[in-house]
Amino acid sequence: MKQQMPKRSNDFQRLIKAIYSAMANVDGGKVTESAILHEPNGTSREVDILLESSVYDVPLIIAVECRDRSRKSDIEWIDGLIGKYHNLSVHKIIAVSRLGFSASSLEKATSANIDVRSLEQCENADWSGEF
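Caption draft 1: Examining the sheet that holds strand β4 (residues 92-97) more closely. Strands sit in the order β1-β2-β3-β4-β5 across an open sheet of 5 strands; the sheet is mixed. Of all strands in the sheet, those bounded by a partner on one side alone are β1 (30-38) and β5 (114-118). In this sheet, adjacent strand axes meet at a mean angle of 35 degrees when their direction is disregarded. Here 5 bridges tie β4 to β5, and the two strands are oriented parallel to one another. Its bridge partner being in β5, I94 is matched across the sheet by D115. Packing of helix α2 (residues 75-85) onto the sheet brings it into contact with β2 (44-55), β3 (58-67), β4 and β5, and relative to β3 it is tilted by some 150 degrees.

Caption draft 2: Local environment of the side chain of E39. Along the chain, E39 falls in the loop between β1 and β2. The exposure class assigned to E39 is buried, which follows from its relative accessible area of 12%. At 3.1 Å, the side chain of E39 and the side chain of R45 are in polar contact. Among all residues touching E39, those that are not within four sequence positions of it are R45, K84, N87 and L88.

Caption draft 3: Here's a closer look at the pairing of β2. Both β1 and β2 contribute to a ladder of 8 bridges, which runs antiparallel. Following the sheet pairing, T32 is matched in β2 by L50. Connecting β1 to the antiparallel partner β2 that follows it, the hairpin turn spans 5 residues, and G42 within it adopts a positive phi of roughly 100 degrees. In this antiparallel pair of consecutive strands, β2 and β3, the connection spans 2 residues, and Y56 shows a positive phi of 50 degrees.

Caption draft 4: Focus on the packing of aromatic side chains. Tallying each qualifying case throughout the model produces 1 aromatic pair. Arranged with centres 6.2 Å apart and planes meeting at 15 degrees, the rings of W77 and F101 form a pair that is stacked. Taken together, the residues span a long stretch of sequence, with W77 in helix α2 and F101 in the loop between β4 and α3 (103-111) at a distance of 24 residues. Each member of the pair, W77 together with F101, is buried.

Caption draft 5: How the structure looks around the confidence of the model for the chain. Taken as a whole, the chain shows an average pLDDT of 84; of its residues, 91% reach a score of 70 or greater. Within the chain, no element has a lower average pLDDT than helix α1 (residues 7-23), which sits at 69, and none a higher one than α2, at 97. Confidence drops under pLDDT 50 across residues 1-8; counting only partners more than four residues distant or on other chains, this segment forms 4 contacts.

Caption draft 6: Focus on the pattern of salt bridges. Counted by the stated rule, this structure contains 7 salt bridges. The partner of D74 in a salt bridge is R67, with the nearest N and O atoms 3.8 Å apart. Residue R98 pairs with D68 through a salt bridge whose shortest N-O separation is 2.7 Å. Residue R98 is found in the loop between β4 and α3, and its partner D68 is found in the loop between β3 and α2; the two are separated by 30 residues along the sequence. Note on R98: relative accessible area 26%, which makes it partly exposed. Here the residues in one salt-bridge network are K92, D115 and R117, joined through shared partners.

The rules behind each value
- Residues numbered from 1 in each chain as written.
- Predicted model: local features only at pLDDT ≥ 70, side-chain atom pairs only at ≥ 80, totals over all residues.
- Heavy atoms only, no water.
- Pairing = 2+ DSSP bridges.
- Helix = DSSP H or I, 4+ residues; strand = E, 2+ residues; numbered from the N terminus.
- Axes fitted to C-alpha atoms, helices over the stretch in contact; angles between N-to-C directions.
- Contact = heavy atoms within 4.5 Å.
- Buried < 20%, exposed > 50% of the residue type's maximum accessible area, 1.4 Å probe, protein only.
- Polar contact = N/O pair within 3.5 Å; in protein donor to acceptor, adjacent residues only side chain to side chain.
- Phe/Tyr/Trp six-rings, centres within 6.5 Å; stacked < 30°, edge-to-face > 60°.
- pLDDT = per-residue confidence, 0-100.
- Salt bridge = Lys/Arg side-chain N within 4 Å of Asp/Glu carboxyl O.

Next up, the structure:
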C-alpha cells in the first residue's frame, strides 16, 4: 500500500514548488530549502527557504520562515525571528503561518519590517516580483 505524505508536508511542498516556478524566470535567481547562514561569530542558523538574486549586480537575499501550528502564530515567534535574524545578512524576512497571526504578533512584525503572509497568499504570490 502506498504511504501518503502528511497534509502539512504537501502544503509546504506546494509552496516551495510555487516559489521555484516563479524564481525560474529570475535571472540568476536561486531557491534553497533548509539553507544554512552564518552569523559573524560563525554560529550556523537554518532558514526554511532562502531566495537569492541580484539587481544591477547588487545581491539580494530574502528569508522565508514557515510555521504550521494548531493556532495563530504568536508574538513569541516574531520575537524569535527578530533575534534569529539580528546578525544575519538578509534584506527581507517573510513569515508564513497557515492559521494567521495574533494581533500582537502582527503589530510586532510590522514594527520590525517582517512581512506576514498566509500559506495561501504565498502559494499565489509573484515571487519574482519580490526582487
